[in-house]
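One-letter residues, chain by chain:
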Amino acid sequence: MAKEPKFTAKETAQLGWYIARMAKRGIASETVYQGDLERKVDRIIDGAREREARQAAEAAAAAKAARKAAAKAKNRK
């Protein structure tokens, strides 16, 4: 199982809303279709994973640029 990402406040609220709707449908009947809500929850989780990966890549690029700038500054002295 993949590691769950950290969710933003908006993502947490959306997940809570969709899970509550799924629970309400489940109370109504066990045979009620919930695939639409499950897809929405999966989409939010996938978006959070992509956001975390993008932020990690940006942080790595910023760290690399900082190291490069520090090396340039050191060589100038």
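Since this is a predicted model, take the numbers as computed values, not measurements.

Undergrad: So what exactly am I meant to see when it comes to the pattern of salt bridges here?
TA: If the charged atoms of two oppositely charged side chains come close together, the side chains can form a pair. Tallied over the entire structure, the rule returns four salt bridges. Note that Arg49 and Glu4 form a salt bridge whose closest N and O atoms lie 3.4 Å from each other. Of this pair, Arg49 sits in helix α2 (residues 35-76) while Glu4 sits in the segment before α1 (9-28), and the two are 45 residues apart along the sequence. The exposure class of Arg49 is partly exposed, given its relative accessible area of 30%. Asp46 serves as the salt-bridge partner of Arg49, at 3.5 Å between the closest nitrogen and oxygen. Here Arg49 pairs with Asp46, and both are found in helix α2, just three residues apart, close to one helical turn. Bridged by salt links that share partners, the residues Glu4, Asp46 and Arg49 form one connected network.

Undergrad: Explanation requested: the nonpolar core in the structure shown.
TA: In summary, soluble globular proteins display a tendency toward joint burial of nonpolar side chains. Membership of the largest hydrophobic core is limited to seven residues, which are Leu15, Tyr18, Met22, Leu37, Val41, Ile44 and Ile45. Elements with a contribution of two residues or more to this core: α1 and α2. The element contributing the most residues to this core is α2, with four residues. Those residues in contact with Leu15 that sit more than four places away from it in its chain are Phe7, Val41, Ile44 and Ile45.

About the thresholds
Residues numbered from 1 in each chain as written. Predicted model: local features only at pLDDT ≥ 70, side-chain atom pairs only at ≥ 80, totals over all residues. Heavy atoms only, no water. Salt bridge = Lys/Arg side-chain N within 4 Å of Asp/Glu carboxyl O. Helix = DSSP H or I, 4+ residues; strand = E, 2+ residues; numbered from the N terminus. Buried < 20%, exposed > 50% of the residue type's maximum accessible area, 1.4 Å probe, protein only. Core = buried A, V, L, I, M, F, W, Y, C linked by side-chain atoms within 4.5 Å. Contact = heavy atoms within 4.5 Å.

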